[in-house]
Amino acid sequence: MYCQMPSAIKTILYVPFLLSRRAMVLVVGLGLCAAQPVVAAPAVDRLSNPTNAEHRAAVALARQGDHEAALKRLAALLAAYPEKAVFRYDYISVLAWAGRDEEVVAQSARIDFAQAPAYVLKAIGKSARNRQQPVLAITAYEAVLKRNPRDRQARLGLAMSLAEARQPAEADTQMAALLKAAPNSVESLEALAYVKETDRDYAAAISVYDRLLDIAPDHRGARRGRILALLRLGAPHEAIRLARRDAEVFSAEDWQRMAGDQAAREIRWGRLPTVTRAERYRDTDSAITRLQEQYRQIADKGSAAALRNRFDLISAYRNRRLMQQATTLYEKLREQGVTPFPPYVLAVVGDAYLSLRQPQQAVVLLEQSISGYADDLDAQYSLYYAYLESGQYEKSLAHIDRVVASLPQWTWPPGSNERELNLDRLYAQTVAAMARAYVDKLDVAERRLEEQLARSPASTDIRNALGSVYLWRGWPRLAQGEFRAVLALEPENLGARTGMVSVLAERGDDTAADAALAPLLTDYADNLHVRNLALDAEVRRMRELWMEVSGGSSSSIYQGSSDLAFTTYYYDKPWNLGLRPFVYLMHREADFQEQAVSRNRMAAGMEYRQRDRVLRGNISDGNGSTGVSLQGDWMPTDHWRGGLSLQSFSEQTPLRADLRGVEAWSFEASTEYRFHESRSLGLSLRYMGFDDDNRRNTLSAFARQRLVNGLRYKLTGEVYLYHQTNTVDGTDYFNPSRQDSAELSLSSEWLTYRYYEKSMRQRLVVGAGPSSQQGVDTKVTWSVGYEHHWSFSRQLSMSYGISRARPIYDGVQEFTTRGFLNLYARF
């Protein structure tokens, strides 16, 4: 068959050839003429005349462009003469010419590449490339070159197929052979530019375009390709400037694309560190303005360019921390029927919903995003946090562990034989360690982070994470050391600076904490951690109210048949220099056999708080008796705590002592050693002097250990020892000369509900142990209590519960039933 190029194909040669794989094939002439049906004369001679005529008629139809009719005739011939390979060859060729690439690929499995003519193999190569099956294309072109190494078209096709198969070195080898034979071949240089573009080596592609323009200065494809490569190289402003000088080679769609690329580049630039913090949103704000202006200029609001504009604007809004605008635009597009959304858009919107405290919605979007593009590490981390905040703790831990496992420990930089530690895996391991801390497995988090720090001592991310874990374990000084180490390396490190604010607040140095927070509010007011610190600081400066109400009934004469106690503390807003005034109200009443007794006291005082120290003093009055109270708490180390209390009218005075008007003063010293959040030991010594000359000495000690630390369930055990002596017998109040007791209690706690600051926990406490009193037999006491603990916000919490106990008084086992209600509020 005579190979003649249709006029339409000549026109296509002037279309920029880098737009698609099919366009590139047209430019270099691969498979177009060769793919036309070619019939070998000897094969035709062996057919009957009617068959030969039918074959020629099919060929004629193909030449005239009536591919469907030609294919029907060729298919009939193929069905009648399946052993005639020539019919299948021409059938495949016409299929390729008709653009039915999928059928070409299917038919290729039914021919022998070693026997098929070159024009058929080239047709298969072309269709395989169009169907993004470069391996099949490589096989076809290599079969041609095995028979004819000088077939230039097959070698061009092989080079581009190798590039599409991500084998750039092999593609370069093929192109080198072509250019060695014809160094100034426009066709070969076009193919080389395509190879470099496919390998994303845009700098090399620009160099090839320059060679093309030296040979053919008016080459439209080279002029256009050079500018687009510059755009992809990350220089959109320069690309657009040059494009204005070659405006005729760009369509309206090209200009929209370039404007979109410029805005997208500014969005990415906006996430990079800036010289000054005031400029960190400069590029992002510019991108938002550019995208909004570009959208107004797009006539077809339903076009691909318009849709890309909206997607990029969503990303820009998220980067600018305008989360509500990002989700609103996403919802608007959904209402307009836009679907599907690209994975990167779903990731951005999911992150925005997470920032807006809608983790369940974030989970849905982020799962969809990752199913479409699993290599987006930012989306993977966002999904972990979404699982965490939505209360799916098991999923959150399993997910972040999968992320760690998916990343290799080592990387090999291009051109280097030396391996390097994979920083992405190191960061993922840090996040996975902190994942344990967020679900209260602080010991696991600490161990993992310390192991990581031993391997990477210069990592500021690990030190910041370890500092946070130390702080949560109750070791603010140790945490401060880690944050200071980071600031010594990076004075502006945001994580370390926010960590220092938390440390200072934890140690009670509110003035220093506020001073450290002030510049962060100026520079990072939209940062989530800074906002949370600001909210905590605002709460610390509020008024404070504590209310405790308890009451119950008892069979013991010492407690009364019924009793009620009400205590309220009100703290005003903090003054300067760590001072804060407060008032205190207390009411107690009980029905004893002799008569009902009530006690009322009111106090006014001042609290002084400085780093690691709290002092309180007040003057009280009630029932005609004035009292003075002084208290002090001190935390000299991360583990030791101590307290002293002196009360001229002791709150520990039994209410039954009021029957005879007996009062008491007290002095108490206590200390506690906190190993960490799950283990502590305590000791307390109290001395009380009563008006009736009784002197009471009380020694108590406890040991507390968390036994089970689940994601939602915790079990804590405590051993409590108590020893008391009194010097006077026969008083109206319970006053044994000696009393000793020991109790083992178990506290089971279930996390029933949690949503950010809101939570609800249930607690069941059971305890039992021996109790002895001088002169009576030792007996066992027990108690059981059930409680609810609610947290509604940073400013409001409440707890209540009921208990049943069997105490012993003078050898008699009694029963008590009690309830309590506690309320804490700041306003």
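Analysis parameters
- Residues numbered from 1 in each chain as written.
- Predicted model: local features only at pLDDT ≥ 70, side-chain atom pairs only at ≥ 80, totals over all residues.
- Heavy atoms only, no water.
- Helix = DSSP H or I, 4+ residues; strand = E, 2+ residues; numbered from the N terminus.
- Buried < 20%, exposed > 50% of the residue type's maximum accessible area, 1.4 Å probe, protein only.
- Contact = heavy atoms within 4.5 Å.
- Areas by Shrake-Rupley, 256 points an atom, 1.4 Å probe, with all protein chains shown as cover.
- Lys, Arg positive; Asp, Glu negative; His and termini not counted.
- Charge placed at Lys NZ, Arg CZ, Asp CG, Glu CD.
- Polar contact = N/O pair within 3.5 Å; in protein donor to acceptor, adjacent residues only side chain to side chain.
- Core = buried A, V, L, I, M, F, W, Y, C linked by side-chain atoms within 4.5 Å.
- Pairing = 2+ DSSP bridges.
- Phe/Tyr/Trp six-rings, centres within 6.5 Å; stacked < 30°, edge-to-face > 60°.
- Lys NZ or Arg CZ within 6 Å of the ring centre and 35° of its normal.
- Axes fitted to C-alpha atoms, helices over the stretch in contact; angles between N-to-C directions.
- Parallel < 35°, antiparallel > 145°, perpendicular 65-115°, else oblique.
- Nonpolar A, V, L, I, M, F, W, Y, C, P; charged D, E, K, R; others polar.
- Patch = residues over 30% accessible without salt bridge, like charges linked within 9 Å, V, L, I, M, F, W, Y side chains within 5 Å.
- Salt bridge = Lys/Arg side-chain N within 4 Å of Asp/Glu carboxyl O.
- Expected span 1.5 Å × (residues − 1).
- Arc of directions from axis to C-beta.
- pLDDT = per-residue confidence, 0-100.

## Side note on the overall build of the protein chain
Thinking step 1. Along the backbone of the protein chain there are 30 helices and 20 strands.
Thinking step 2. Taken along its principal axes, the extent of the C-alpha atoms in the protein chain is 135 × 55 × 50 Å.
Thinking step 3. Per-residue burial for the protein chain yields a buried fraction of 46% across its 827 residues.
Thinking step 4. Of all intrachain contacts in the protein chain linking residues separated by at least 6 positions in sequence, the fraction that spans at least 24 positions is 51%.
Thinking step 5. By element, 54% of the accessible surface of the protein chain is carried by carbon and sulfur atoms, the whole surface being about 40,300 Å².
Thinking step 6. Taking the 103 positively charged and 98 negatively charged side chains of the protein chain as two groups, their mean positions are separated by 6 Å.

## What to know about the environment of serine 406
Thinking step 1. If you trace the backbone, serine 406 turns up in helix α23 (residues 393-406).
Thinking step 2. By relative accessible area, serine 406 is classed as exposed at 52%.
Thinking step 3. Each C-alpha atom, one on serine 406 and one on aspartate 375, is 9.6 Å from the other, the two residues being 31 residues apart in sequence.
Thinking step 4. At a separation of 2.7 Å, a polar atom in the side chain of serine 406 contacts the main-chain carbonyl oxygen of valine 403.

## Digging into the nonpolar core
Thinking step 1. With 68 residues, the main nonpolar core has Ile111, Phe113, Val120, Leu121, Ile124, Met175 and Tyr209 as its most contacted residues.
Thinking step 2. Per element, the largest residue contribution to this core is nine residues, and it comes from helix α6 (residues 85-97).
Thinking step 3. Ignoring any residue separated from it by four or fewer positions in sequence, one finds leucine 121 in contact with Phe113, Ala116, Ala140, Ala143, Val144 and Arg147.
Thinking step 4. By size, the runner-up hydrophobic cluster in this structure holds 32 residues, among which are Ala347, Val348, Val349 and Ala379.

## Focus on the pairing of strand β5 (residues 579-591)
Thinking step 1. Where strand β4 (residues 562-571) and β5 come together, 10 bridges link them in antiparallel fashion. Across the sheet, residue alanine 565 finds its bridge partner in β5, namely arginine 588.
Thinking step 2. Sheet analysis places β5 next to strand β6 (residues 596-610), joined by 13 bridges and oriented antiparallel. Within the sheet, the bridge partner assigned to arginine 588 lies in β6 and is arginine 599.
Thinking step 3. Two successive antiparallel strands, β5 and β6, enclose a turn made up of four residues.

## Concerning the packing of aromatic side chains
Thinking step 1. Tallied over the entire structure, the rule returns 26 aromatic pairs.
Thinking step 2. Ring geometry for tyrosine 713 versus tryptophan 750: centroids 5.4 Å apart, planes at 45 degrees, classification tilted. Residue tyrosine 713 is found in strand β13 (residues 713-726), and its partner tryptophan 750 is found in strand β14 (residues 738-755); the two are separated by 37 residues along the sequence.
Thinking step 3. Taken together through their ring pairs, the aromatic side chains of Phe311, Tyr330, Phe341 and Tyr353 make up a single cluster.
Thinking step 4. Residue placement shows arginine 419 over the ring face of tryptophan 410; its charged tip is 3.9 Å from the ring centre.
Thinking step 5. The ring of phenylalanine 675 carries arginine 679 above its face, with NZ or CZ at 5.5 Å from the centroid.

## Quick look at the packing of helix α24 (residues 423-438) against helix α26 (residues 460-472)
Thinking step 1. Close contact between α24 and α26 brings their axes to 10 Å; oriented N to C, the two are set at 10 degrees. With respect to their mutual orientation, α24 and α26 come out roughly parallel. In contact with Leu426, Tyr427, Thr430, Met434, Ala437 and Tyr438 of α24, α26 contributes Asp461, Ile462, Ala465, Ser468, Val469 and Trp472.
Thinking step 2. In the contact of α24 with α26, the residues fall into nine nonpolar, two polar and one charged.

## Considering a nonpolar patch on the surface
Thinking step 1. On the surface, Leu707, Val708, Leu746, Trp750, Leu764, Val766, Trp782, Val784, Tyr786, Ile802 and Phe815 cluster together into a nonpolar patch covering about 870 Å² of accessible area.
Thinking step 2. For the nonpolar patch, the elements supplying multiple residues, two or more each, are β12 (695-709), β14, β15 (758-773) and β16 (779-791).
Thinking step 3. Tallying contributions element by element places β16 first for the nonpolar patch, with three residues.
Thinking step 4. As for its position among the elements, tyrosine 786 is in strand β16.

## Considering helix α9 (residues 134-147)
Thinking step 1. The first and last C-alpha atoms of α9 sit 20 Å apart over 14 residues, in line with the 20 Å expected at 1.5 Å per residue.
Thinking step 2. All buried positions along α9 are accounted for by Pro134, Leu136, Ala137, Ile138, Ala140, Tyr141, Ala143, Val144 and Leu145.
Thinking step 3. Contacts from the buried residues of α9 go to α7 (101-108), α8 (118-130) and α10 (152-164).

## As for the pairing of strand β7 (residues 613-622)
Thinking step 1. Both β6 and β7 contribute to a ladder of nine bridges, which runs antiparallel. Bridge pairing in β7 places methionine 602 opposite aspartate 621.
Thinking step 2. Between the antiparallel neighbours β6 and β7 lie two residues, among them aspartate 612 with a positive phi of about 70 degrees.
Thinking step 3. Between β7 and the antiparallel strand that follows it, strand β8 (residues 625-634), lie two residues; asparagine 623 among them carries a positive phi value of about 55 degrees.

## What about α7?
Thinking step 1. Buried within α7 we find Asp101, Val104, Val105, Gln107 and Ser108. Seen along its axis, α7 keeps its buried residues to an arc of 165 degrees; they face one direction. In this structure, α7 carries Glu102 and Ala106 as exposed residues pointing more than 90 degrees from its buried face.

## Structural notes on unusual backbone geometry
Thinking step 1. The residue after threonine 339, namely proline 340, is reached through a cis peptide bond having omega -5 degrees.
Thinking step 2. Backbone geometry at arginine 200 places phi at a positive 60 degrees, although glycine is not the residue there.
Thinking step 3. Position of arginine 200 among the secondary structure elements: in the loop between α12 (186-198) and α13 (202-215).
Thinking step 4. Phi at aspartate 810 is positive, roughly 55 degrees, even though this residue is not glycine.
Thinking step 5. Within the element layout of this structure, aspartate 810 appears in the loop between β18 (808-809) and β19 (812-813).
Thinking step 6. Judged by its relative accessible area of 36%, aspartate 810 is partly exposed.

## Focus: the confidence of the model for the protein chain
Thinking step 1. Per-residue pLDDT for the protein chain averages 87, and the proportion of residues at 70 or more is 90%.
Thinking step 2. Counting contacts from residues 1-47, a segment whose pLDDT is below 50, to residues more than four positions away or on other chains yields 96 contacts.

## Quick word on the pattern of salt bridges
Thinking step 1. Counted according to the given criterion, the structure contains 50 salt bridges.
Thinking step 2. With a shortest N-O distance of 2.7 Å, aspartate 401 and arginine 436 are connected by a salt bridge. Here the residue aspartate 401 occupies a position in helix α23, and arginine 436 occupies one in helix α24, the gap between them amounting to 35 residues.
Thinking step 3. A salt bridge links arginine 580 to glutamate 607; the shortest N-O distance between them is 3.3 Å. Highlighted residues: arginine 580 in strand β5 and glutamate 607 in strand β6, separated in sequence by 27 residues. Across the pair, glutamate 607 and arginine 580 agree in class, each one buried.
Thinking step 4. Residues joined by salt bridges that share partners form a network here, namely Glu544, Arg580, Glu607, Arg609, Arg616, Asp633 and Arg826.

## A closer look at the side chain of arginine 436
Thinking step 1. When its relative accessible area of 8% is taken as the criterion, arginine 436 is described as buried.
Thinking step 2. A distance of 3.2 Å separates the side chain of arginine 436 from the backbone oxygen of alanine 432, its partner in a polar contact.
Thinking step 3. Ignoring any residue separated from it by four or fewer positions in sequence, one finds arginine 436 in contact with Leu397, Ile400, Asp401, Lys441, Leu442, Val444, Ala445 and Arg448.

## Considering the side chain of arginine 310
Thinking step 1. Mapped onto the fold, arginine 310 is located in helix α18 (residues 304-319).
Thinking step 2. For the buried arginine 310, no salt bridge exists, and the shortest N-O distance to an oppositely charged side chain is 9.5 Å, to aspartate 312.
Thinking step 3. Within the structure, the side chain of arginine 310 is placed 2.8 Å from the side chain of asparagine 309, a separation counted as a polar contact.
Thinking step 4. Not counting residues within four places of it along the chain, the set of residues in contact with arginine 310 comprises Leu291, Tyr295, Leu329 and Leu333.

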